[in-house]
Amino acid sequence: MSDAVFQVRELAVSYGAARVIENVNVDVAAGEIVGVVGPNGAGKTTTLRAISGLVARRRGSVMLNGVTLAERPEAVARAGIAHVPEGRGLIPSLTVHQNLRLAAIGAGRRLSDEDVRYATTVFPAIERLMDRRAGFLSGGEQQMVAISRGLVARPTILMVDELSLGLAPRIVKDMSRALRRVAGERRIGIFLVDQNVRGLSHVCDRIYVLQDGVSSVANKEDTELMRAVYFGRSG
Ligand code: ATP
């Protein structure tokens, strides 16, 4: 799509001799929510890690606002891509506030009162948790903090790996509503990968399917395709 602020082109990654992704192409526009679905082991997490410079690419490029990004995690973060990893990436022994502060520093900024205010506007439940250690929070609370870490980085693109993993459907719904809100209010482009195809198709504007290492644009109303992806059948 022509108004994409984020463009992934011909991304390929191998682990040793194993070719995991072969040709992944993704576009995300400002304020758009885009998802990638695919069976277990399809390479969804690998795609996000390759974008962030956490695994080496065999081929491919990542562009943000027309600039090709270097393959280094600090450079990618500072350029404006926030990555909420699988497992959420919080430092359990630090408080919520300290986790937010570190996230801002990772993006080359200093945490401001406005950052904290916005995170607690989007996720009111974390306001009273600021001085609690992240490791003692519930799964849903941890996911709110993880996404807040992404928000305080003030990104152009927010990538979330497995938004719904281990969360009750009601919490996933709240989380999806929160993402829709930040996409609208802050014009952040959101890039999600998830096993939960149905949940993803509700929140996303567009969806790609990742199968046999190749991404393709999917029709999210195509329930047969979505079912096939969910059960890991290709073709
Ligand atoms: P899931 O939905 O199960 O989380 P995924 O689509 O996110 O899967 P990846 O985690 O990207 O898939 O893994 C893709 C493939 O690469 C899998 O076969 C996995 O075993 C393999 N893989 C992942 N990380 C490594 C690694 N560091 N070294 C070797 N192989 C790896």
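Preceding this section is the structure that the text describes.
Anyway, here's the lowdown on the structure attached to this text. (Residues numbered from 1 in each chain as written. Predicted model: local features only at pLDDT ≥ 70, side-chain atom pairs only at ≥ 80, totals over all residues. Heavy atoms only, no water.)

## Remarks on unusual backbone geometry
Turning to step 1, where the next piece is worked out: Even without glycine at this site, Arg187 takes up a positive phi of about 55°.
Turning to step 2, where the next piece is worked out: Tracing the sequence through the fold places Arg187 in the loop between helix 6 (169-186) and strand 8 (189-193).
Turning to step 3, where the next piece is worked out: Although it is not a glycine, Asp212 sits at a positive phi angle of roughly 50°.
Turning to step 4, where the next piece is worked out: For Asp212, a relative accessible area of 63% translates into the label exposed. (Helix = DSSP H or I, 4+ residues; strand = E, 2+ residues; numbered from the N terminus. Buried < 20%, exposed > 50% of the residue type's maximum accessible area, 1.4 Å probe, protein only.)

## Concerning the packing of helix 3 (residues 96-106) against helix 5 (residues 139-152)
To characterise two packed helices, one gives the angle between the axes of the helices and the distance between these axes.
Turning to step 1, where the next piece is worked out: Their axes nearest at 8 Å, the elements helix 3 and helix 5 cross at an angle of 35°. Read as a crossing pair, helix 3 and helix 5 show a hand that is right-handed. Here helix 3 contributes Val96, Asn99, Leu100, Leu102, Ala103 and Ala104 to the contact with helix 5, which in turn contributes Val145, Ser148, Arg149 and Val152.
Turning to step 2, where the next piece is worked out: Taken together, the residues of the contact of helix 3 with helix 5 sort by class into 7 nonpolar, 2 polar and 1 charged. (Axes fitted to C-alpha atoms, helices over the stretch in contact; angles between N-to-C directions. Left-handed = near helix turned anticlockwise from the far one by under 90°. Contact = heavy atoms within 4.5 Å. Nonpolar A, V, L, I, M, F, W, Y, C, P; charged D, E, K, R; others polar.)

## As for the pairing of strand 4 (residues 59-64)
Turning to step 1, where the next piece is worked out: The pairing of strand 1 (residues 4-15) with strand 4 spans 5 bridges and is antiparallel. By the bridge assignment for strand 4, Arg9 is matched with Ser61.
Turning to step 2, where the next piece is worked out: Judged from the 2 bridges that link them, strand 4 and strand 5 (residues 67-68) form a sheet pairing that is antiparallel. Looking across to strand 5, one finds that Leu64 is bridged to Val67.
Turning to step 3, where the next piece is worked out: Where strand 4 folds back on strand 5, the antiparallel hairpin that results is connected by 2 residues, among which Asn65 adopts a positive phi of roughly 50°. (Pairing = 2+ DSSP bridges.)

## Considerations on the pattern of salt bridges
Once the charged atoms of two side chains with opposite charge are near each other, the side chains can pair.
Turning to step 1, where the next piece is worked out: Taken as a whole and judged by the stated rule, the model has 14 salt bridges.
Turning to step 2, where the next piece is worked out: Of the charged contacts in the structure, one is a salt bridge between Arg117 and Glu114, with a shortest N-O distance of 3.0 Å. Taken together, the residues span about one helical turn, with Arg117 and Glu114 both in helix 4 (residues 113-122) at a distance of 3 residues.
Turning to step 3, where the next piece is worked out: With a relative accessible area of 30%, Glu114 lands in the partly exposed category.
Turning to step 4, where the next piece is worked out: What you see here is one network of salt bridges that share partners, running through Arg19, Glu22 and Arg58. (Salt bridge = Lys/Arg side-chain N within 4 Å of Asp/Glu carboxyl O.)

## Overview of the pairing of strand 2 (residues 18-29)
Turning to step 1, where the next piece is worked out: The sheet contact formed by strand 1 and strand 2 spans 8 bridges and is antiparallel. Bridging across to strand 2, Phe6 finds its partner in Val28.
Turning to step 2, where the next piece is worked out: The antiparallel hairpin formed by strand 1 and strand 2 contains 2 residues in its connecting segment, where Gly16 sits at a positive phi of about 60°.

## Side note on the site of the ligand
Turning to step 1, where the next piece is worked out: Around the ligand, the surrounding shell holds 13 residues, and the nearest of these are Asn40, Lys44, Thr45, Thr46 and Gln195.
Turning to step 2, where the next piece is worked out: Here Gly43 contributes a backbone N or O atom positioned 2.9 Å from an oxygen atom of the ligand.
Turning to step 3, where the next piece is worked out: Contact between the ligand and Lys44: an oxygen atom at 2.7 Å from a side-chain N or O atom of the residue.
Turning to step 4, where the next piece is worked out: By residue number, the principal contributor to the shell around the ligand is helix 1 (residues 44-51), which donates 3 residues. (Near = heavy atom within 4 Å. Polar contact = N/O pair within 3.5 Å; in protein donor to acceptor, adjacent residues only side chain to side chain.)

## Examining the packing of aromatic side chains
Turning to step 1, where the next piece is worked out: Scanning the entire structure with this criterion turns up 1 aromatic pair.
Turning to step 2, where the next piece is worked out: Taking 6.0 Å as the distance between ring centres and 55° as the angle between the ring planes, the aromatic pair formed by Phe6 and Phe191 counts as tilted. Of the two residues, Phe6 is situated in strand 1 and Phe191 in strand 8; the sequence distance between them amounts to 185 residues.
Turning to step 3, where the next piece is worked out: For Phe191, a relative accessible area of 0% puts it in the buried group.
Turning to step 4, where the next piece is worked out: It is Arg186 that lies over the ring of Tyr118; its NZ or CZ is 3.6 Å from the centre. (Phe/Tyr/Trp six-rings, centres within 6.5 Å; stacked < 30°, edge-to-face > 60°. Lys NZ or Arg CZ within 6 Å of the ring centre and 35° of its normal.)

## Brief notes about helix 3
Turning to step 1, where the next piece is worked out: Within the span of helix 3, buried status applies to Val96, Asn99, Leu100, Ala103 and Ala104. In a view along the axis of helix 3, the buried residues occupy a sector of 140°, so they form one face of it.
Turning to step 2, where the next piece is worked out: In the core, the buried residues of helix 3 are packed alongside helix 5.
Turning to step 3, where the next piece is worked out: Backbone geometry just downstream of helix 3 places Gly108 in the positive-phi region, at approximately 80°. (Arc of directions from axis to C-beta.)

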